[in-house]
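Observations on the model geometry
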Amino acid sequence: YPICLFIRPEGIVDRISDPLFIFRGKEGHGVAAYVVGRHLLFKTMNGKGKDVEVLIENIIDTRRWRWLCVTHVSRALWRSKLSVFVDGQPVFSKRQSYPITASMVPVNAYIGGFQGQMGPSMVFNTAIPDHQVKQLFQLTSNPRFSVGPPPEHWKRTFSPAAASSS
């Protein structure tokens, strides 16, 4: 599964709270991501309490829109790979265990439980090669084709304060 989303955290919360996203089967197998301070905590759950956590440090900016893309590709023989991209650029890549897919069916999905704003989110049912992640970011951040947050100059031009002063 790859998941790509625009986020704009409003403040720093230095503890684990609601997940940014979680995909989990009825037996507890799944994956989750949490915004913790300026970090992204990624967790693989095996349903037996032996979760694997990876902390990806200093990739979250408060009060600034960021496009975050997390890809977790299941491969044979323990070669699964977790990759994280911010604004189309790779910031993290590591071998990471992948939950047993059959144990995640049916899947319960939850997206958007953190302190801040969230723009459009995209979840794919097939892997996205690393080189295509940058192209996807460029497409979604282009104002002509954008599904993302509005450009900064729109916020200045169409802000409620500007509208009430006219």
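Cut-offs and rules
- Residue numbers restart at each chain and count upward from 1, following the sequence in its written direction.
- Note on the predicted model: pLDDT of at least 70 is required for a residue's local features to be given, and 80 or more for side-chain atom pairs to be given and counted; whole-chain, interface and lining totals, by contrast, use all residues.
- Values reported for side chains reflect all heavy atoms of the structure, with hydrogen atoms and water molecules removed beforehand.
- Under the scheme used here, helices are H or I runs from DSSP no shorter than 4 residues and strands are E runs no shorter than 2 residues, and both carry numbers assigned from the N terminus.
- Only protein chains enter the area calculation, which uses a 1.4 Å probe; residues under 20% of their type maximum are buried, those over 50% are exposed, and those in between are partly exposed.
- Any two residues whose heavy atoms approach within 4.5 Å at even a single point are treated as in contact.
- Only one rule defines a salt bridge in this text: a Lys or Arg side-chain nitrogen within 4 Å of an Asp or Glu carboxyl oxygen.
- Any two strands between which DSSP finds at least two bridges are classified as paired.
- The term nonpolar core refers to a set of buried residues drawn from Ala, Val, Leu, Ile, Met, Phe, Trp, Tyr and Cys, joined through side-chain atoms within 4.5 Å.
- Cysteine sulfurs are considered disulfide-paired once they come within 2.5 Å of each other.
- Working rule for helices: expected span equals 1.5 Å times residues minus one.
- For this quantity, the arc is that covered by the directions from the helix axis to the C-beta atoms.
- Here a cavity is any set of points on a 1 Å grid over the protein atoms alone where a 1.4 Å probe fits but cannot get out, and a pocket is any open set with protein on both sides within 12 Å along at least 5 of 7 lines; a residue lines the site when it has an atom within 4 Å of a point.
- Grid points are joined across faces, edges and corners, and a volume is the space filled by probe spheres set on the points.
- Ten residues, namely Ala, Val, Leu, Ile, Met, Phe, Trp, Tyr, Cys and Pro, are considered nonpolar, four, namely Asp, Glu, Lys and Arg, are considered charged, and the remaining ones, Gly among them, are considered polar.

As a further point, take the overall build of the chain. The secondary structure content of the chain amounts to three helices and ten strands. Each helix (α) and strand (β) of the chain, taken in turn from the N terminus, gives the series β-β-β-β-β-β-β-β-β-β-α-α-α. By the burial criterion, 42% of the 166 residues in the chain qualify as buried. Put simply, of all contacts in the chain between residues at least 6 apart along the chain, 54% involve residues at least 24 apart.

So, on to the pattern of salt bridges. Within this structure, the stated rule accounts for seven salt bridges. Two residues, Glu53 and Lys43, come together in a salt bridge whose shortest N-O distance is 3.6 Å. Of this pair, Glu53 sits in strand β5 (residues 52-56) while Lys43 sits in strand β4 (residues 39-46), and the two are ten residues apart along the sequence. Assessed through its relative accessible area of 15%, Lys43 is described here as buried. With its nearest N and O atoms 2.5 Å apart, the salt bridge here joins Arg66 to Asp61. Each member of the pair Arg66 and Asp61 is classed as buried.

The subject of this paragraph is the pairing of strand β1 (residues 2-9). With eight of its eight residues buried, β1 lies for the most part within the structure. Going residue by residue along β1, you find Pro2, Cys4, Phe6 and Arg8 tucked away on one face and Ile3, Leu5, Ile7 and Pro9 tucked away on the opposite face as well. In this sheet, strand β10 (residues 116-123) lies alongside β1 in antiparallel orientation, the contact comprising six bridges. In the strand pairing of β10, Pro9 is matched with Gly116.

One finds Leu20, Phe21, Leu40, Leu68 and Val70 to be the most contacted residues of the largest nonpolar core, which totals 24 residues. Every element with two or more residues in this core is listed here: β1, β2 (21-25), β3 (29-36), β4, β5, β6 (66-73) and β7 (81-86). In this structure, Cys4, Trp67, Phe85 and Ile128 belong to the second largest nonpolar core, which totals eleven residues.

With that settled, consider the state of the cysteines. By the definition in use, this model includes one disulfide. The residue that forms a disulfide with Cys4 is Cys69, at a sulfur-sulfur distance of 2.5 Å. With Cys4 in strand β1 and Cys69 in strand β6, the pair connects residues that are 65 residues apart, well separated along the chain. Of the two residues examined, Cys4 and Cys69, each falls in the buried class.

Below, the discussion takes up helix α1 (residues 130-141). Compared with the 16 Å implied by 1.5 Å per residue over twelve residues, the 17 Å span of α1 between its first and last C-alpha is a close match. Val133, Leu136, Phe137 and Thr140 are the residues of α1 that are buried. Projected down its long axis, α1 shows its buried positions confined to an angular sector of 100 degrees, all on one face. In this structure, the buried side of α1 is in contact with β1, β6, β7 and β10.

Okay, the environment of Met45 next. Within the fold, Met45 resides in strand β4. Those residues in contact with Met45 that sit more than four places away from it in its chain are Ile22, Phe23, Arg24, Gly28, His29, Gly30, Val31, Ala32, Asp51 and Pro99.

Moving on, we get to empty space enclosed by the protein. In total, this model carries one cavity of 30 Å³ or more according to the counting rule given. The calculated volume of the largest cavity comes to roughly 50 Å³. Lining the largest cavity, in full, are Pro9, Gly11, Val13, Ser17, Val35, Phe114 and Gln115. When its residues are assigned to classes, the lining of the largest cavity shows four nonpolar, three polar and no charged.

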